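# Overview (structure and organization)
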Amino acid sequence: MKIVILTTVWKRPLVTDVFYKGIERLRKVCDVSLVIVGSEGNKTRERALREGAEYVEYNNFPVGEKFNAGLAACEKYRPDYVITMNSDNVMCDNLFRKYLECMEAGYDLIGIT
């Protein structure tokens, strides 16, 4: 199963550090690709590449268009699932495992409210 995690980043390097640490932890549970959409040029591009992510540069506003640019980048992976997260979100292992169970069961849409 191919899973891509997509997020956007902008001007909060310490928060983004926590996000990347969370992704590193999730990658121990399951192989995932990571697409980062940033708006700060080389500053965010270099970090994303160091973290093994694909990087897309896009204006920060409107954020919806920024996410759409990321979704377009995800297409080349031909993923079974795309998980969108804000860069200030961290997913615990238990929730990620629950998502994996739902994916394996074939659910089309998975999320929390």
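Each remark here, short or long, concerns the structure printed above.
All chains use their own residue numbering, which begins from 1 and follows the written sequence. Reporting of local features is limited, given that this is a predicted model, to residues whose pLDDT is at least 70; pairs of side-chain atoms are given and counted only at 80 or more, and all residues count toward the totals for whole chains, interfaces and linings. In computing side-chain properties, one takes all heavy atoms of the structure into account and sets aside hydrogens as well as water.

### A closer look at the layout of surface pockets
Rules: Put simply, the grid is 1 Å and covers the protein atoms alone, a cavity is a trapped set of points that fit a 1.4 Å probe, a pocket is an open set with protein on both sides within 12 Å along at least five of seven lines, and lining residues have an atom within 4 Å of a point. Grid points are joined across faces, edges and corners, and a volume is the space filled by probe spheres set on the points. A run of DSSP states H or I qualifies as a helix once it reaches four residues; a run of E qualifies as a strand once it reaches two. Both are numbered from the N-terminal end. The residue classification treats Ala, Val, Leu, Ile, Met, Phe, Trp, Tyr, Cys and Pro as nonpolar and Asp, Glu, Lys and Arg as charged. All others, Gly included, are polar.
One number sums up the size of the largest pocket: a volume of about 280 Å³. Considering the residues around the largest pocket, the lining is formed by 16 residues, among which Ile-83, Thr-84, Tyr-99, Ile-110 and Gly-111 are closest to the centre. When residues in the lining of the largest pocket are grouped by element, the largest group, four residues, is from strand 4 (residues 81–84). Residues of the lining of the largest pocket, tallied by class, amount to 12 nonpolar, three polar and one charged.

### Thoughts on the nonpolar core
Note the following rule: We define a nonpolar core as any set of buried Ala, Val, Leu, Ile, Met, Phe, Trp, Tyr and Cys residues linked to one another through side-chain atoms lying within 4.5 Å. Each residue is assigned to one of three classes by its accessible area relative to the maximum for its type, calculated with a 1.4 Å probe on protein chains only: buried under 20%, partly exposed between the two thresholds, exposed over 50%. Contacts between residues were defined by any pair of non-hydrogen atoms, one from each residue, lying within 4.5 Å.
Among the nonpolar cores identified, the biggest contains 22 residues, and Ile-5, Phe-19, Leu-34, Ile-36, Ile-83 and Phe-96 are the most heavily contacted of them. At the level of elements, strand 1 (3–8), helix 1 (13–27), strand 2 (33–38), strand 4 and helix 4 (93–104) are the ones that each hand at least two residues to this core. If we skip the residues at most four places from it in the chain, Ile-36 touches Thr-7, Val-9, Phe-19, Tyr-20, Ala-48, Ala-53, Glu-54, Tyr-55 and Val-56. Judged by nonpolar contacts, the second largest core, of nine residues, contains Val-4, Val-35, Phe-67 and Cys-74.

### Quick look at the pattern of salt bridges
Where we set the bar: Any carboxyl oxygen of Asp or Glu that lies within 4 Å of a side-chain nitrogen of Lys or Arg is treated as forming a salt bridge with it.
The final tally for this structure, using the stated rule, is six salt bridges. Among the salt bridges present, the one from Asp-93 reaches Arg-25, with a minimum N-O distance of 2.7 Å. Here Asp-93 is found in helix 4, whereas its partner Arg-25 is found in helix 1, with 68 residues between them in sequence. By relative accessible area, Arg-25 is classed as partly exposed at 28%. The partner of Glu-101 in a salt bridge is Lys-98, with the nearest N and O atoms 3.6 Å apart. A residue pair is termed a helical-turn pair when its members lie 3 or 4 positions apart in one helix, as Glu-101 and Lys-98 do in helix 4 at three residues. Given the relative accessible area of 47%, Glu-101 is considered partly exposed. Look at Lys-98 and you get partly exposed, because its relative accessible area is 45%. What emerges from the salt-bridge pattern is a single network uniting Asp-17, Arg-47 and Glu-51.

### Concerning the pairing of strand 2
Put simply, the test is: We call two strands paired when DSSP finds no fewer than two bridges between them. Clockwise travel from the first strand over the helix to the second, with the strands pointing away from the viewer, marks a crossover as right-handed.
With six of six residues buried, strand 2 lies mostly within the body of the structure. Two elements, strand 1 and strand 2, share five bridges in a ladder whose sense is parallel. Considered in strand 2, the bridge of Ile-5 is made with Leu-34. Crossover strand 1 to strand 2 through helix 1 is right-handed.

### Regarding the sheet that holds strand 1
Basically, it comes down to this: The convention used is that axes are lines fitted to C-alpha atoms, helices contributing only their stretch in contact, and that angles between N-to-C directions extend from 0 to 180 degrees.
Read across the open sheet, the four strands follow the order 3-2-1-4; overall the sheet is parallel. A single partner strand is all that each edge strand has here, and the edge strands are strand 3 (54–57) and strand 4. Between one strand axis and the next, the sheet turns through 20° on average, direction left out of account. When strand 2 meets strand 3, the two strands line up parallel, connected through four bridges. Its bridge partner being in strand 3, Gly-38 is matched across the sheet by Glu-57. Against the sheet, helix 1 makes contact with strand 1 and strand 2, and its axis sits at roughly 165° relative to strand 2, the strand it touches most.

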